[in-house]
Amino acid sequence: MTRQSHDQFAKEYLEELLTPLGTIKKSEKVKSEVQEIDVWFEPFSDQIQENLPLGLLGKMAKTQCLFEPFRNPPSEIEIRSCLLKLYAVHGDVVRKAKRENRNIAESDLPILWILTPTFSSRMIAGLGATEIAEDWVQGVYFLPNILKTAIVVIHQLPETEDTLWLRVLGKGGTQKRAVEELTELPENNPFRENLLEILADWRKNLELRDNLSREEEEVIMNLSPAYLQQIEDWKQEGKQEGQLSLITSLLEGRFGSLDAELSSLVEKIANIPISERTQLLLSLGNLSREELLQRLSNEEV
């Protein structure tokens, strides 16, 4: 369940960042068997990346490529599955070129980027992967050229502005620090607002589940700065409607369809001071209807 949740988040996150630079093919199926590519990216020919600085991610996206993000380190079988997808895509590209009676160069074939939080030295050696320090950064490993595949070990990346967008896809402290950095970006950053919303939505969806795993609880904590920042942004910008919508959604997720008594709580919650309101919303999954009513009754005293 955690893997599926992370996959959906990672797709939305990468699509938000890469859409201004090129074309995204969502959940593209390959013909060899029913498999879906997480993100298939084709850059615009006239892109001007200087206007949308994405650092290391932007450098990776200068050519047609596939992105396969993993929440946990992929196994040998999962690596081979990714390679199968890549070469099925290569086959489609080559067949299309033949039908159109045109030649195709190696540079026209997509490269595969496997994104993983950590990766063992045994796996790196087994794949024959090496770092190219002079052109890239620590944590980026390339398989032999003919395979057209690279692995980005997110927790090994230097914690710089250039790697921020990839570090958000990490785990634990790496992800937590990256999310905090993202919330501190200038308000005029072209990606800040939408990415905060994506992160906050991921957190909200996890919060509404029952029987959370330890890993899911960790993700909720890591995403809290983005969640809090989104609420604060709404407050600063006067987005009362957005706040009410979020609160209504959280109440419905916890209690189902709202009756008159629960509906009357929405505006009350919105008017609570932000620190108290946030704490209330974060603990909503553990409150019964009666406990919530009592807590809000105490707020009015």
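Everything that follows concerns the structure shown earlier in this document.
In this text the structure is predicted, and so the values were computed from the model without any measurement.

Asks: Now, about the side chain of K171: what can you tell me, with residues and values included?
Replies: Here K171 is to be found in the loop between α5 (164–167) and α6 (172–183). Polar side-chain contacts of K171 include one of 2.6 Å to the side chain of N72. If near-sequence neighbours (up to four positions away) are discounted, K171 is found in contact with R71, N72, P117, H155, E215 and N222.

Asks: Can you lay out the pairing of strand β3 (residues 65–69) for me, pointing to particular residues and giving the numbers?
Replies: Judged by how many residues are buried, β3 sits mostly within the fold: five of five residues are covered. The alternating pattern of β3 places C65, F67 and P69 and L66 and E68 on opposite faces, both of which are buried. As paired strands, β3 and strand β4 (residues 111–116) are joined by five bridges and run parallel to one another. Residue pairing across strands places L66 opposite L112, the latter belonging to β4.

Asks: Explain the packing of aromatic side chains residue by residue, including any values.
Replies: Working definition: an aromatic ring pair is given by the centre-to-centre distance plus the angle between the planes. Tallied over the full model, the rule gives six aromatic pairs. For the pair W113 and F142, a centre-to-centre distance of 5.8 Å together with 70° between the ring planes defines the contact as edge-to-face. Remark: F142 occurs in strand β6 (residues 140–142) and W113 occurs in strand β4; sequence separation between them is 29 residues. In terms of burial, W113 and F142 fall into one category: buried. Of the aromatic side chains, those joined through ring pairs into one cluster are F9, Y13 and W202.

Asks: Could you give an account of helix α3 (residues 76–99), with specific residues and numbers?
Replies: For α3, with 24 residues, the first-to-last C-alpha span of 35 Å sits near the 34 Å given by 1.5 Å per residue. Buried residues of α3: I79, C82, L83, K85, L86, A88, V89, H90, G91, D92, V93 and A97, and no others. One or two residues past the end of α3 sits N101, with phi positive at roughly 55°.

Cut-offs used in this document
Residues numbered from 1 in each chain as written. Predicted model: local features only at pLDDT ≥ 70, side-chain atom pairs only at ≥ 80, totals over all residues. Heavy atoms only, no water. Helix = DSSP H or I, 4+ residues; strand = E, 2+ residues; numbered from the N terminus. Polar contact = N/O pair within 3.5 Å; in protein donor to acceptor, adjacent residues only side chain to side chain. Contact = heavy atoms within 4.5 Å. Buried < 20%, exposed > 50% of the residue type's maximum accessible area, 1.4 Å probe, protein only. Pairing = 2+ DSSP bridges. Phe/Tyr/Trp six-rings, centres within 6.5 Å; stacked < 30°, edge-to-face > 60°. Expected span 1.5 Å × (residues − 1).

In short, shape yes, function no, at least from these values alone.
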